[in-house]
Amino acid sequence: MSANMIQHVVLMNVAAPIAVLVALRYLPSGLSRSWHGATAVQLGVFWMWHSPVMMNAAMSSPLLHLLMQVSMFAVALWFWAAILTLPASRRWAGIFSLLVTAKLFCLLAALMIFAGRPLFATGMGIHDGAGITLADQELAGLIMIVACPLFYVSGGVYIAARWLFELDAENSRTAA
């Protein structure tokens with residue numbers, strides 16, 4: 001499970017925002033209008049895949065595991081594209097989305113760390129029959145509780161900095 005969490009973190013919090021930042025000039029302008037939808041869908045897909053039934057199924061089937069990773073990456077691309085393309089007057093919405101998302105991801109991480117028992121089936125396949133142990137679940141939660149705030153706070157700082165630089169440039173133009 002901890003290896004699965006590392007995959008999630010890399011796909012959703014490293015690869016997706018980097019891909020969006022690289023593609024910023026090519027993204028359609030309408031994406032930012034859907035920031036609230038992108039936030040809701042990302043949270044919904046994340047929690048759906050992390051329900052015990054879906055996680056057990058995904059960890060028992062290589063095809064479902066791939067579907068989980070691909071769907072979470074696709075939704076993360078939409079989320080990051082929506083919040084990183086917001087106009088200056090709406091940057092607060094991106095920061096709000098990052099805050100809400102980080103809090104709800106951290107909630108799952110805390111549940112995994114402090115549950116005291118495995119939340120997911122310990123006898124399930126994980127493709128090779130290993131199963132999930134309480135220690136592995138706790139490690140996955142620790143990875144998540146460290147990584148998510150780090151990336152989401154960094155994203156919020158990036159958005160706020162862009163916002164402040166744009167406001168400063170606008171003030172300089174109007175003062176001149």
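The rules behind the values
- Residues numbered from 1 in each chain as written.
- Predicted model: local features only at pLDDT ≥ 70, side-chain atom pairs only at ≥ 80, totals over all residues.
- Heavy atoms only, no water.
- Helix = DSSP H or I, 4+ residues; strand = E, 2+ residues; numbered from the N terminus.
- Buried < 20%, exposed > 50% of the residue type's maximum accessible area, 1.4 Å probe, protein only.
- Contact = heavy atoms within 4.5 Å.
- Axes fitted to C-alpha atoms, helices over the stretch in contact; angles between N-to-C directions.
- Left-handed = near helix turned anticlockwise from the far one by under 90°.
- Polar contact = N/O pair within 3.5 Å; in protein donor to acceptor, adjacent residues only side chain to side chain.
- Phe/Tyr/Trp six-rings, centres within 6.5 Å; stacked < 30°, edge-to-face > 60°.
- Expected span 1.5 Å × (residues − 1).
- Arc of directions from axis to C-beta.
- Core = buried A, V, L, I, M, F, W, Y, C linked by side-chain atoms within 4.5 Å.
- Parallel < 35°, antiparallel > 145°, perpendicular 65-115°, else oblique.

**Q** Before we go on, may I ask you to explain the overall build of the protein chain in this structure?
**A** Counting its regular elements, the protein chain contains six helices and zero strands. When its helices and strands are written in sequence order, the protein chain yields α-α-α-α-α-α. Burial status across the protein chain gives 40% buried among its 176 residues. Within the protein chain, residue pairs in contact and separated by at least 24 positions form 81% of the contacts whose partners lie at least 6 positions apart.

**Q** So what exactly am I meant to see when it comes to the packing of helix 4 (residues 62–84) against helix 5 (residues 91–114) here?
**A** It is at 8 Å that the axes of helix 4 and helix 5 come closest, and there the two elements cross at 145 degrees. Of the two possible hands of crossing, helix 4 and helix 5 adopt the one that is left-handed. Only G94, S97, L98 and T101 of helix 5 make contact with helix 4, whose side of the interface consists of F79, W80 and I83.

**Q** Would you take a moment to explain the side chain of S97 for this structure?
**A** For S97, the location among the structural elements is in helix 5. We classify S97 as buried; its relative accessible area is 0%. Here the side chain of S97 touches T39 through a polar contact of 2.8 Å, side chain to side chain. What S97 contacts, discounting residues up to four positions off in sequence, is W35, T39, F79 and I83.

**Q** Hey, could you run me through the packing of aromatic side chains in this one?
**A** Here a ring pair, both rings aromatic, is described through the centre-centre distance and the interplanar angle of the planes. Scanning the model with the defined rule gives eight aromatic pairs in all. Aromatic pair F46 and W47: ring centres 6.2 Å apart, planes at 80 degrees, arrangement edge-to-face. Among the aromatic residues, those joined into a cluster by ring pairs are F46, W47, F79, W80, F105 and Y152.

**Q** Would you mind going over helix 2 (residues 35–49) with me for this structure?
**A** The α-helix advances 3.6 residues per turn, and as a result positions three or four apart in sequence lie on the same side. Relative to the 21 Å expected for 15 residues at 1.5 Å per residue, helix 2 spans 21 Å between its end C-alpha atoms, a close match to the ideal helical length. Every buried residue of helix 2 is listed here: W35, A38, T39, Q42, L43, V45, F46 and W49. Along the axis of helix 2, the buried residues cluster in a sector spanning 165 degrees; they form a single face. The elements touched by buried residues of helix 2 are helix 1 (2–23), helix 3 (52–60), helix 4, helix 5 and helix 6 (134–175).

**Q** Quick question: what am I supposed to make of the nonpolar core here?
**A** Soluble, globular proteins show a tendency: their nonpolar side chains are buried together. W80, I83, F105, M144 and Y152 are the most contacted members of the largest nonpolar core, which has 42 residues in total. Here this core gets ten residues from one element, more than from any other, and that element is helix 4. Once you skip the residues sitting within four places of it in the chain, W80 turns out to touch M12, N13, A16, P17, V20, L98, F151, Y152 and G155.

**Q** Where do I start with the environment of L66 in this structure?
**A** Mapped onto the elements of the fold, L66 is located in helix 4. Note: C-alpha distance between L66 and A40 (26 residues apart in sequence) is 22 Å.

**Q** I'm lost on helix 5 in this one. Help?
**A** An ideal rise of 1.5 Å per residue puts 34 Å on 24 residues; helix 5 measures up with 35 Å between its terminal C-alpha atoms. Directly after helix 5, the chain includes G116, whose backbone phi takes a positive value near 80 degrees.

**Q** What is the right way to read the packing of helix 1 against helix 6 from this model?
**A** The angle between the axes and the distance between the axes are what describe a pair of packed helices. For the pair helix 1 and helix 6, interaxial distance at closest approach is 8 Å and the crossing angle is 15 degrees. With respect to helix 6, the axis of helix 1 lies roughly parallel. Between helix 1 and helix 6 the crossing geometry is left-handed. Here S2, M5, I6, V9, N13, V14 and L21 of helix 1 lie close against helix 6, whose contacting residues are D136, L139, A140, I143, M144, A147, C148, F151, Y152 and Y158.

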